[in-house]
Amino acid sequence: MLARFAREPHQEASVVVVTSALRASVEDSGDHMAGLSRVRQSLAAIGHRLGTAWNPSYYGKDLVLVRAGKHAVPAGLCMEPPAGGSDSGVQHGWAFDLVSLSGSGDERRERLLHACYAISMAARLRRDRPDLRPCRAADVLLHVPELLSPERGASLLAGVLVRPLGGTDEGSGALPGEDPRFPGVPSADAWDVFAQRPPQRGLYAVSDVHDIEWGTLDRESGERVTEGSAHELLPLSTAWLDGSLPVADVLDRAYRLRVRRESLLSRHLRALSDAVAAGGRLFATLGDGLSGVVSDAALMRSAMVAANAESAGRMHSGAGVAPMDERGLTAARRRAHFSLHVTKALKGTGHQERFFHAFGNPLGSRAADSVVGFLSVLRREGPGTPGFHHLAHALRWRDWWHLHLPPTAQGPLDRLFASVQKSIPGTSAGA
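Quick look at the structure, then. (Residues numbered from 1 in each chain as written. Predicted model: local features only at pLDDT ≥ 70, side-chain atom pairs only at ≥ 80, totals over all residues. Heavy atoms only, no water.)

So, the packing of helix 14 (residues 389–396) against helix 16 (residues 407–420)
Where we set the bar: Fitted lines through C-alpha atoms give the axes, limited to the stretch in contact for helices. The angle between two N-to-C directions lies from 0 to 180 degrees. Under the DSSP-based scheme used, a helix requires at least four consecutive residues in state H or I and a strand at least two consecutive residues in state E, with every element numbered from the N terminus. Here is the rule for angles: anything less than 35 degrees is roughly parallel, anything more than 145 is roughly antiparallel, 65 through 115 is roughly perpendicular, and the remaining ranges are oblique. In this scheme, a crossing is called left-handed if the near helix is turned counterclockwise away from the far one by less than a right angle; it is called right-handed if the turn is clockwise. Residue contacts follow a heavy-atom distance rule, with two residues in contact if any of their heavy atoms lie within 4.5 Å. Note on residue classes: Ala, Val, Leu, Ile, Met, Phe, Trp, Tyr, Cys and Pro are nonpolar, Asp, Glu, Lys and Arg are charged, and everything else, Gly too, is polar.
For the pair helix 14 and helix 16, interaxial distance at closest approach is 11 Å and the crossing angle is 115°. Considered as vectors, helix 14 and helix 16 are oriented roughly perpendicular to each other. In terms of crossing hand, the pair formed by helix 14 and helix 16 is left-handed. Across the interface between the two elements, Leu 391, Ala 394 and Leu 395 from helix 14 touch Leu 416, Phe 417 and Val 420 from helix 16. Residues of the contact of helix 14 with helix 16, tallied by class, amount to six nonpolar, no polar and no charged.

Some points on the sheet that holds strand 3 (residues 62–68)
Operational definition: Whether two strands pair depends on DSSP finding at least two bridges between them.
On the basis of which strands lie adjacent, the open sheet formed by four strands has the order 2-3-1-4 and antiparallel pairing. Lying at the two open borders of the sheet, with one neighbouring strand each, are strand 2 (57–59) and strand 4 (92–100). Direction aside, neighbouring strands of the sheet carry axes that sit 30° apart on average. Bridging between strand 2 and strand 3 involves three bridges; their strand directions are antiparallel.

Considerations on the packing of helix 4 (residues 105–128) against helix 7 (residues 150–159)
Close contact between helix 4 and helix 7 brings their axes to 9 Å; oriented N to C, the two are set at 130°. Here helix 4 lies oblique to helix 7, going by the angle between them. Here the hand of the crossing between helix 4 and helix 7 comes out right-handed. Of the residues in helix 7, those in contact with Tyr 117, Met 121, Arg 124 and Leu 125 of helix 4 are Leu 156, Leu 157 and Gly 159. Taken together, the residues of the contact of helix 4 with helix 7 break down into five nonpolar, one polar and one charged.

A short note on the nonpolar core
Rule in force here: Definition of nonpolar core: a set of buried residues of the types Ala, Val, Leu, Ile, Met, Phe, Trp, Tyr and Cys, connected through side-chain atoms within 4.5 Å. To sort residues, take the accessible area from a 1.4 Å probe on protein chains only and compare it with the maximum for the residue type: under 20% means buried, over 50% means exposed, and anything in between is partly exposed.
Ranked by internal contacts, the top residues of the largest apolar core, which has 46 residues, are Val 15, Tyr 59 and Leu 157. Ranked by the residues each element gives to this core, the list is headed by helix 4, at eleven residues. Judged by nonpolar contacts, the second largest core, of 37 residues, contains Ala 332, Leu 378, Phe 417 and Val 420.

A look at the packing of aromatic side chains
Where we set the bar: Stacked, edge-to-face and tilted are the three classes for Phe, Tyr and Trp ring pairs, Trp counted by its six-membered ring, which pair at centre distances within 6.5 Å; planes under 30 degrees apart are stacked, over 60 edge-to-face, the rest tilted. Only lysine NZ and arginine CZ atoms are considered, and such an atom sits over a ring when it is within 6 Å of the ring centre and within 35 degrees of the ring normal.
With the rule as written, the count across this model stands at six aromatic pairs. When the ring of Phe 338 is compared with that of Trp 400, the centres are 5.7 Å apart and the planes differ by 65°; the resulting orientation is edge-to-face. Taken together, the residues Phe 338 in helix 12 (residues 329–345) and Trp 400 in helix 15 (residues 398–404) connect sequence positions 62 residues apart. The exposure classification of Phe 338 matches that of Trp 400, with both residues buried. Through a chain of ring-to-ring contacts, the aromatic side chains of Phe 338, Phe 359, Trp 397, Trp 400 and Trp 401 assemble into a single cluster. We note Arg 126 situated over the ring of Trp 94; from NZ or CZ to the ring centre the distance is 4.7 Å.

Comments concerning the pattern of salt bridges
Heads up, the condition is: By convention in these notes, a salt bridge is any Lys or Arg side-chain nitrogen within 4 Å of a carboxyl oxygen on Asp or Glu.
Following the criterion strictly, the structure yields ten salt bridges and no others. A salt bridge links Arg 124 to Asp 62, with the nearest nitrogen and oxygen atoms 2.7 Å apart. Of this pair, Arg 124 sits in helix 4 while Asp 62 sits in strand 3, and the two are 62 residues apart along the sequence. Residue Arg 124 shares its accessibility class with Asp 62, and that shared class is buried. Arg 127 is the salt-bridge partner of Asp 128, the closest N and O atoms lying 2.8 Å from each other. Asp 128 gets classed as partly exposed once you look at its relative accessible area, which sits at 47%. For Arg 127, a relative accessible area of 14% corresponds to the buried category.

The structure is reproduced here in structure tokens:
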């Protein structure tokens, strides 16, 4: 939609971006797909309430509203929470700006997408800091130096999913049925159709990029295995907060780095999708991962090896698989997400399950010790630690951990769970 809008000879646009607390919704739901569905429905309801005059569409995971000319912020957004999202329990934040457009269609498109990057960041800041009264993006971002540390500033710069790829960026762009951000990868809409009649056999598979913001460290040596997007942006964030670089220059340089990282992510996911094409189909149903059905575990495992080799040192994914059976798609999906969780508990180790795990395959004693060590570090460092949500997942799935760990590891893990259970809401029930 933004590309179509930019093709029209508009000289100015009013742009609003509405973001959501996606991770909080996922944690509250206890299920990634359920949380993602809540967010999509809430954003869609807001877009519907505000009407077609604002041309509602998506910018990464956010809702973007664009209208030619100068216009006041839609009245529905000034309600708390925004109209349309009040029934969902999803926390939203929004910001707006007026964007000057000039030049060719491609130049107008670039200006529009670049502006969305800053507006989306301002929306995230207002979501997390409800006391911030300014709503125009430029005014909101002036408060960043007084509110954020360099690390949190880098996370803010890295958190926006920049823009759709395609068009003038990399060849012909996405075809019908492909994800606009990831040309060559089937879209979530195609998955919705596929899921109405999924195959009765095969394995449900789900992948996710590990530590996409801060990268992965080797647990033994402490050396960097992959560089995250926020880690890459930390020098820019530091320069922004100490005043040594104007905010316009920070945003311009950060935007170019984010485009490069999104292009890398697109290549990584397409390599994974292409590698299973002979015996499966994966869809871009998650922000930085894929899900679908594959014929066998060996195919998915080899696909992970190929995709991770393609982006070695820059990003890597883990994947979990679970058999499709009479329990249905939802049960297989939950089990595959547990196996994906296993890979995250073993990231930065030398164990083969660090990038691939099949539900039902038990872990050896050394891998089990690494799992307990990973979760113990999260407990020790406490809430607010990057990755702390993995401990909440482990609590919800502790029954499945018992199925996969040797007896020697179950006692230490149970004692760890007992020490933190009361401090993590919504984890009293097992898997």
